[in-house]
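# Per-entry structural report
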Amino acid sequence: MDSKTKELVQGTFGQVAPIADKAAEIFYTKLFEKDPSLKPMFKGDMKDQGAKLMAMIGTAVNGLDNLDALIPAVQNLGKGHAGYGVEDKHYDTVGAALLETLEVGLGDKFTAEVKTAWTEVYGVLATTMKDAANSLPKEAGLTERKKRLVQSSFTKVAPIADKAAEIFYAELFEMDPSLKPLFKGDMKEQGAKLMAMIGTAVNGLDNLEAIVPAVQNLGKGHAKYGVKDSHYDTVGGALLYTLETGLGADFTPDVKDAWTEVYTVLATTMKDAANEDELVATADEVVKEKPWWKVW
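Presented here is an overview of the structure given in this document. What you see is a predicted model; the values in this text were computed from it and never measured. (Residues numbered from 1 in each chain as written. Predicted model: local features only at pLDDT ≥ 70, side-chain atom pairs only at ≥ 80, totals over all residues. Heavy atoms only, no water.)

Looking now at the nonpolar core. The nonpolar side chains of soluble globular proteins are, as a tendency, buried together. Ranked by internal contacts, the top residues of the largest apolar core, which has 37 residues, are Met54, Ile57 and Trp118. The set of elements that each furnish at least two residues to this core consists of helix 1 (3-16), helix 2 (20-34), helix 3 (46-62), helix 4 (67-83), helix 5 (88-106) and helix 6 (112-134). With residues near it in sequence (within four places) discarded, Trp118 still touches Val9, Thr12, Phe13, Ile57, Val61, Leu98, Leu99 and Leu102. Membership of the second largest hydrophobic core comes to 34 residues, among which are Leu149, Ala201, Ala258 and Trp259. (Core = buried A, V, L, I, M, F, W, Y, C linked by side-chain atoms within 4.5 Å. Buried < 20%, exposed > 50% of the residue type's maximum accessible area, 1.4 Å probe, protein only. Helix = DSSP H or I, 4+ residues; strand = E, 2+ residues; numbered from the N terminus. Contact = heavy atoms within 4.5 Å.)

Let us now look at the packing of aromatic side chains. Using the criterion set out here, one finds 10 aromatic pairs in the structure. Taken together, a centroid distance of 5.5 Å and an interplanar angle of 65 degrees make the contact between Phe32 and Phe42 edge-to-face. Here Phe32 is found in helix 2, whereas its partner Phe42 is found in the loop between helix 2 and helix 3, with 10 residues between them in sequence. Ring geometry for Phe173 against Phe183: centres 5.5 Å apart, planes inclined by 65 degrees, an arrangement best described as edge-to-face. Of this pair, Phe173 sits in helix 8 (residues 161-175) while Phe183 sits in the loop between helix 8 and helix 9 (187-203), and the two are 10 residues apart along the sequence. You can call Phe173 buried: its relative accessible area is 14%. (Phe/Tyr/Trp six-rings, centres within 6.5 Å; stacked < 30°, edge-to-face > 60°.)

Side chains of Asp2, Glu7, Asp65 and Glu120 sit close together on the surface and give a patch of like negative charge. Mapped onto the elements, Asp65 comes out in the loop between helix 3 and helix 4. (Patch = residues over 30% accessible without salt bridge, like charges linked within 9 Å, V, L, I, M, F, W, Y side chains within 5 Å. Areas by Shrake-Rupley, 256 points an atom, 1.4 Å probe, with all protein chains shown as cover. Salt bridge = Lys/Arg side-chain N within 4 Å of Asp/Glu carboxyl O. Lys, Arg positive; Asp, Glu negative; His and termini not counted. Charge placed at Lys NZ, Arg CZ, Asp CG, Glu CD.)

So, about the packing of helix 2 against helix 5. Helix 5 packs onto helix 2 with a crossing angle of 140 degrees between their chain directions and a minimal axis gap of 9 Å. The orientation of helix 2 with respect to helix 5, classified from their angle, is oblique. In the packing of helix 2 onto helix 5, the handedness of the crossing is right-handed. Contacts from Ala23, Ile26, Phe27, Lys30, Leu31 and Lys34 of helix 2 reach helix 5 at Thr93, Val94, Ala96, Ala97, Leu98, Glu100, Thr101 and Val104. (Axes fitted to C-alpha atoms, helices over the stretch in contact; angles between N-to-C directions. Parallel < 35°, antiparallel > 145°, perpendicular 65-115°, else oblique. Left-handed = near helix turned anticlockwise from the far one by under 90°.)

On to helix 1, then. For helix 1, with 14 residues, the first-to-last C-alpha span of 20 Å sits near the 20 Å given by 1.5 Å per residue. Among the residues of helix 1, those classed as buried are Thr5, Lys6, Leu8, Val9, Thr12, Phe13 and Val16. One side of helix 1 holds all its buried residues, which, seen down the axis, span an arc of 165 degrees. Counted as exposed and oriented over 90 degrees from the buried face of helix 1: Ser3 and Glu7. Capping of helix 1 at its N-terminal end is provided by Asp2; its side-chain oxygen lies 3.3 Å from the backbone amide nitrogen of Lys4. (Expected span 1.5 Å × (residues − 1). Arc of directions from axis to C-beta. Polar contact = N/O pair within 3.5 Å; in protein donor to acceptor, adjacent residues only side chain to side chain.)

Now for the pattern of salt bridges. Under the definition given, this model contains 14 salt bridges. Across the pair Lys30 and Glu100 runs a salt bridge whose closest N-O atoms are separated by 3.5 Å. Of this pair, Lys30 sits in helix 2 while Glu100 sits in helix 5, placing them 70 residues apart in sequence. A salt bridge links Asp257 to Lys146; the nearest nitrogen and oxygen atoms lie 3.6 Å apart. Separated by 111 residues along the polypeptide, Asp257 in helix 12 (residues 253-289) and Lys146 in helix 7 (residues 144-157) bring together distant segments of the chain. On the basis of relative accessibility, which here comes to 38%, the residue Asp257 falls in the partly exposed class. Each of Glu144, Lys147, Arg148 and Asp206 takes part in salt bridges that share partners, so that together they form one network.

Okay, structure coming up:
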């Protein structure tokens, strides 16, 4: 990164800074157009988010003259992004949205030379963030990163909900034909309910305490229809197969790991609730047969 590159980036950013609010709006519009699955990663007020974005870019641009001091901050940024479910491939999308935003904001001042300079600078910063994120140890448990990966990947499956449900049940019955008699109604309607249920669970990951009672009731309801603990493993396998088929190349090892973790948490909650219900029912039957006053 030579001095000319730094000067071009710093000079042109100075021309965009006065329209920071508009530039941020353009950026996020283009970003979500390119990859709608990124939208769930942004939970707060987008105007506030845009102000933070422009401030962050300004800090990075002004820090180009002292990369040794800038790099630790950029590395921390990359590690922080990883916690929100940002993957390596997302940096390419962000870079493309950034360049298009600059092109709109700068107009005819966005020359080929300026584009090359920004591409180089962004490449250095993005690589630094990715390397820092990839250096992090894999965390166990249902982390924020895993929640975001599940939520963002589900937005890509939701538009093909009918097809996804069809794939799921075909795989489920192939894995275990004995499950088919458990489904008595219209399978298209059943598929719509399935996808709606998954969507509710996925959207509720940010407030697990609120969805746990509903998940527990679901487990108790399943038990009444003859669902056993062993069936949850089959359902999990069919779900992962469906996601792999629906997402294609986007079904990365990290995404698979995240869905496995989320499904395990939900399935365990349902199984525990069903088994607890069964124990209570068994105890009630024992009491009916031999009341406590006759035990002795």
